[in-house]
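Letter by letter, the chains look like this.
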Amino acid sequence: MTAKMCFSVLEVWLLLVVLIGADPPMKPRLLSCTSYWTSFAIQSIVCNWDPGSETHLETNYTLHVSETTGNCSTRYLKPKNCTTNRTKNSCMVLVSNLVSYHDIWVTAKNALGTEMSNHKCLDGMLIVKFKAPQITEMTQDTEQNDCLIGRWKMPFEMTNHSKAAFEIQYKALDEEKWIQVPLTTINSTFFRQCSLLPYTEYQLKIRCKQKTETSPWSEWSHENTGITAEGVPTQKLQLWRSIEMPNSEGIRRVRLMWKPLRKSTANGKILGYRIRLHKPELQVYNTSFLESTFHLPDGNYRIQVSAYNSVGESPKAQIVIPSSKKLGLPSLPHVLAFSNGNNSLLIQWEPPSTTTTGYVVEWCVVSEKIACNINWQNVPANNTEVIVQDNIKPMHLYNILVYPVFDDLPGFPASTQAYSKEGTPRRSPEIRSKQIWKTKVHLEWHELPIDDRNGFIRNYTVLYKNRIGKLKSVVVNGSEHNCILAGLSPNTEYDVSIVASTDAGNATGSNLAITTKTFDDGEVELFLMCVFSFSLFTALALIAAFVYQRHRIKKHFWPNIPDPANSTLAQWMPKKTMAGCKRPSGGS
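Residues numbered from 1 in each chain as written. Predicted model: local features only at pLDDT ≥ 70, side-chain atom pairs only at ≥ 80, totals over all residues. Heavy atoms only, no water.

1. Considerations on the pairing of strand β15 (residues 201-210)
Part 1: Counting buried positions along β15 yields nine of ten residues, so the element is predominantly enclosed.
Part 2: In terms of strand pairing, strand β12 (residues 164-172) meets β15 through nine bridges, oriented antiparallel. By the bridge assignment, A172 is partnered in β15 with Y202.
Part 3: Strand direction decides the pairing type here: β15 and strand β16 (residues 224-227), joined by four bridges, are antiparallel. The residue bridging Y202 from the neighbouring strand is G226, located in β16. (Buried < 20%, exposed > 50% of the residue type's maximum accessible area, 1.4 Å probe, protein only. Helix = DSSP H or I, 4+ residues; strand = E, 2+ residues; numbered from the N terminus. Pairing = 2+ DSSP bridges.)

2. Notes on the nonpolar core
Part 1: Counting residues in each nonpolar core, the largest one holds 40 residues, and the members touching the most others are C33, I45, L63, I104, F166 and F191.
Part 2: In terms of residue count, the dominant contributor to this core is β12 (five residues).
Part 3: In this view, F166 contacts W152, M158, H161, P182, L183, I186, R207, C208 and W217; residues no more than four positions away in its chain are not counted.
Part 4: The next biggest cluster of nonpolar side chains, apart from the first, holds 27 residues, and it includes Y273, F294, W376 and L401. (Core = buried A, V, L, I, M, F, W, Y, C linked by side-chain atoms within 4.5 Å. Contact = heavy atoms within 4.5 Å.)

3. Digging into the pattern of salt bridges
Part 1: Tallied over the full model, the rule gives 17 salt bridges.
Part 2: The salt bridge partner of R467 is E493, with a shortest N-O separation of 3.5 Å. Placement of the pair is R467 in the loop between β34 (459-466) and β35 (472-477) and E493 in strand β37 (residues 493-501), with a sequence separation of 26 residues.
Part 3: By relative accessible area, R467 is classed as exposed at 70%. (Salt bridge = Lys/Arg side-chain N within 4 Å of Asp/Glu carboxyl O.)

4. Observations regarding the sheet that holds strand β23 (residues 317-321)
Part 1: One open sheet accounts for four strands, arranged β20-β19-β22-β23; its pairing is antiparallel. Here the strands that pair on one side only, and so sit at the sheet edges, are β20 (282-287) and β23. Across the sheet, the mean angle separating the axes of adjacent strands is 20° when strand polarity is ignored.
Part 2: Where strand β22 (residues 301-308) and β23 come together, five bridges link them in antiparallel fashion. What sits directly across from R302, in β23, is V320. (Axes fitted to C-alpha atoms, helices over the stretch in contact; angles between N-to-C directions.)

Quick look at the structure:
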């Protein structure tokens, strides 16, 4: 009864296994093994494998390692093993002696069966992962300035470096990308790495492995640094000049300027610069500065400049200083400049009709507060544009010159001006009235100082209004500095202000109060003249009328009074009475 019950349970269990799709383990595939020599007492082998497809049952995997003699011909120790489940397809087995062959295999087992991988016979020292080597010192190679010599220590488990392979990684200290190459020149105490740049500080690190495909690489050593020896400078200086017009004595001030060599071409510490001036006799000068000034009589000169270090001298850069009377050198048709970000300018030009050997772009800040410090850059002949960045700041105006160069002889430049980035003007100009009339006013203002513009002034907007009217405006081109407001009301007060605008924004100035006149100049005089003229005309008319009509006026205002002597009364009065009434003619 118990046997039947157990058989029935087994059958049910097998049926459930079939229903859920469980499988016996597949034959595992041993992938790789690595040995570790942690110390003389602790040695181990770690292997990993491919378990195959999912069994849907709990499956255990056991790694077996058996130390043998010969080429795995005879086992002399009982196999050692470790067991893990499917979640981890690797395992570690401690061994007693890596300096021997090891027979290695993996078994997989679950409730439905057992499978075993193929055996591998591996020499424990050919699959060892060395500890990282140590670089103890880096020094210059006195025989080759492109090499460094490193002293190093082998890991203790490396019995013979000649049976090992090495790789090195190196990079210049100021770079990010490592260069990795095999290291071929090495012995038990030092190694040499060549094909480096002179006078450059490098970081180096190495790693090692056995010369077998199955041997893994060690970890990289700690980095160590070294500086290669100096070499001869390999590049010409970039050379330019600034020439002033001759003075009254015919002497010109010639300023030579050059850029320092890049570290990669200086190949050492630059000790100074050598100037060769052909007048036509040769004169040689040494300087440690990046410029030199000469006062030369007007004429043609050839000047060469080179840099030198402790090893040698660079190729000579040359420039020709032409006579101020020399004409006929072509110039560029025109040059344009555009913003290329806050701190750079894009400069473009059309080439001249004559073939050039290059161009020189020169730029300088335009300011009333900052001195003009000339910046310049050489441009190859096949380029017609360049981006300049040295000493470029936003909201500063730059004057830009582009010179064509013909066999070391500069031609005449084309020029333009530009901002790398425009800003709002710092302020608006002070506006003032130049003349005021009854219905209009003439306003003027000074041009803003260069340092207050922060950009090209595109226009000025004059705003004005009276106390009861609407705000009105007049727009004036940025090159103009005056305007006339017309159509104003007589004897009215107006508030006037001015706005200066760039492409980036605008700034408003203070208000100016203006009162228009009641009469324009001359109107009062004209009125008084008219009144006077009218009064005079009226007076003259009255006088003329009086003269012309005097008899009527006299008769009207001063009528004739009859003479009593001629009256009829005198005829009937007695003569004696008449005589008595006469006034005595003399005496009393």
